[in-house]
Amino acid sequence: MNVLERPQAKAGDPPLTSPLGMLAELTHRCPLGCPYCSNPLALDSRQDELDTVTWERVFREASALGVLQVHLSGGEPASRRDLVDLTAAAHAAGLYANLITSGVGLTAKTLAALSEAGLDHVQVSIQDSEPASADHIAGYRGAYARKRNLAAEVVRLGLPLTINAVMHRANIDRVSAMVELALALGASRIEIAHVQYYGWALKNRAALMPTPEQVARAAREVEELRQRHQGRIVIDAVVPDYYARYPKPCVGGWGRRSLNITPAGRVLPCHAAEVIPGLEFWSVRDHTLADIWRESPAFRAFRGSSWMREPCASCARRELDFGGCRCQAFLLTGDARATDPVCHLSPDHELVADLAAVREDAPYAYRR
Amino acid sequence: MLFVSERVFKADAIAVEILKRCTGEATFATIVDDLAAAFPAAPRDRILTDVTALLRGLRDKRLLEL
């Protein structure tokens, strides 16, 4: 890698770091309809997707910029016919390639080809430990069985497997069963990923929100599971947003550690950033990744801490959680520069408890 | 660098020396002996503690099969 290509900050700007991780949303197409999908409500269409050679260039530019890991995601990345070529390109660029898949629409044959192409890791989502409930949540009959088969195939090929378990009111009582399932499948890691309320999840918030009792019980169970299974499986879990005291350090700070590329090529500081009005996103069709990282207005908007207001501006945790999530601040308060209301120091913190109390067993609005 | 999904662990100089010796065939005792020979200034029990701590930590992160 050429050190001279590393980004340099302009005078007066906050220090410019190299991104470490890149989420490559190869497509928004997906056979599943999960009601908490993190994709935007307005999905990119197939004809707007970047072509193979553009992605290949983006992977090379990402590596030169300092990116170490690329997450091949979607939608369902296997909806792309060129997934093997794209994986090979990421590997050739020197990136650690992680496939984030639903496990549906990915055949054992394609998986073997991906492994051959240099894939380093696979993450498979599982909607519930109960097959009928899992298929209901995914909005796809037979999804659970396909996922189990694909996960077994990942392990058979010797690829490290992470199970991604998105938790919400309908399945959070089975957190222990989910961990047992991940162990049975041979996963080395499970993400207990509580729903985060953006995109489709925000639309379905009242149907997904767990009760405080459920959240407390799940936290206790996770602690016990960690002790019981230490050395057998890594359990990653954080307190769900609306029940937390401090906000999450969203994407490790805006424009500091990671970037996200939409199927159509827009480069975002995080996958939800397009909800914030007035931000100007640049596309890899028009600019190099290094220029976008350094210069694009969207990345500059909340980089560093000069945009902060009180209580963030003078807070001791300013460099720990960066004021939380800009998208959540906007979605809940209407002001993207406000303190993330998840923080108990936010003047709007009461709002979060009020919203968490709104729970209604309405049918899901599936992502379609 | 050690990679797992969504994480990167940067090995320090000591960890690198230990990991270089984890061939998949060398036993725990061989690794400690070899380090003791390569770094005569380091007390052997310190080496033992360091190797144990690193390997246990990596095992718990599922980065290493013991």
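This text gives an overview of the structure that appears in the document. Everything numeric in this text was worked out from a predicted model, so none of it was measured.

### Considerations on the pairing of strand β5 (residues 161-167) of chain A
Walk down a regular strand and you will see the side chains alternate between the two sheet faces.
Residues and elements named next belong to chain A.
Here's step 1: Within β5, seven of the seven residues are buried, which leaves it mostly tucked inside the rest of the structure.
Here's step 2: Burial of β5 is two-sided: the residues L161, I163, A165 and M167 facing one way and the residues T162, N164 and V166 facing the other way are all buried.
Here's step 3: Pairing analysis gives four bridges linking strand β4 (residues 121-125) to β5, with the strands arranged parallel. Across the sheet, residue V122 finds its bridge partner in β5, namely L161.
Here's step 4: Here β5 runs beside strand β6 (residues 189-194); their pairing, made up of six bridges, is parallel. Looking across to β6, one finds that A165 is bridged to I192.
Here's step 5: For the segment spanning β5, helix α6 (residues 175-185) and β6, crossover handedness is right-handed.

### Notes on the nonpolar core
Residues and elements named next belong to chain A.
Here's step 1: Ranked by internal contacts, the top residues of the largest apolar core, which has 65 residues, are M22, F59, I190 and I261.
Here's step 2: The dominant element in this core, judged by the number of residues it contributes, is α6, at seven residues.
Here's step 3: For I190, the contacting residues outside a window of four places in its chain are I163, A165, M178, V179, A182, I233, V234, I235 and D236.
Here's step 4: Core analysis: the second largest hydrophobic core is formed by 20 residues, Y36, A138, L208 and M209 among them.

### Here's the deal with the sheet that holds strand β9 (residues 267-268) of chain A
All names here are of chain A.
Here's step 1: Spatially, β7-β6-β5-β4-β3-β2-β1-β8-β9 is the arrangement adopted by the nine strands of the open sheet, whose pairing is mixed. For this open sheet the edge positions go to β7 (234-237) and β9, each flanked by a neighbour on one side alone.
Here's step 2: Contacting β5, β6 and β7, α6 crosses the sheet at an angle of about 165 degrees to β5.

### Some details on helix α3 (residues 44-60) of chain B
All names here are of chain B.
Here's step 1: If you check α3, its first and last C-alpha atoms are 24 Å apart, about what 17 residues at 1.5 Å a residue would give, namely 24 Å.
Here's step 2: For α3, every residue scored as buried is listed here: I47, V51, L55, L58 and D60.
Here's step 3: R62 occupies a position one or two residues after α3 and carries a positive phi of about 60 degrees.

Calculation rules
Numbers given to residues run from 1 along each chain, matching the order in which its sequence is written. All chains are assigned letters beginning with A, and all ligands numbers beginning with 1, in the order in which they are written. Where local features are concerned, this predicted model is filtered to residues with pLDDT of at least 70; where side-chain atom pairs are given and counted, the filter is 80 or more; whole-chain, interface and lining totals use all residues. Values shown for side chains rest on all heavy atoms present in the structure; no hydrogens or waters enter the calculation. Throughout this description, buried means an accessible area under 20% of the type-specific maximum (1.4 Å probe, protein chains only), exposed means over 50%, and partly exposed covers the range between. The way it works is that DSSP assigns letters per residue, a run of H or I at least four long becomes a helix, a run of E at least two long becomes a strand, and they are numbered from the N terminus. A pair of strands is treated as paired once DSSP finds two or more bridges between them. Viewed with both strands pointing away, a crossover whose connecting path from the first strand over the helix to the second turns clockwise is right-handed. Throughout, nonpolar core names a set of buried Ala, Val, Leu, Ile, Met, Phe, Trp, Tyr and Cys residues whose side chains join them through atoms within 4.5 Å. Contacts are assigned to residue pairs with any non-hydrogen atoms lying within 4.5 Å of each other. For helices, the fitted line uses only the C-alpha atoms of the stretch in contact; every axis is such a line through C-alpha atoms, and the angle between N-to-C directions lies from 0 to 180 degrees. Take the residue count of a helix, subtract one, and multiply by 1.5 Å to get its expected span.

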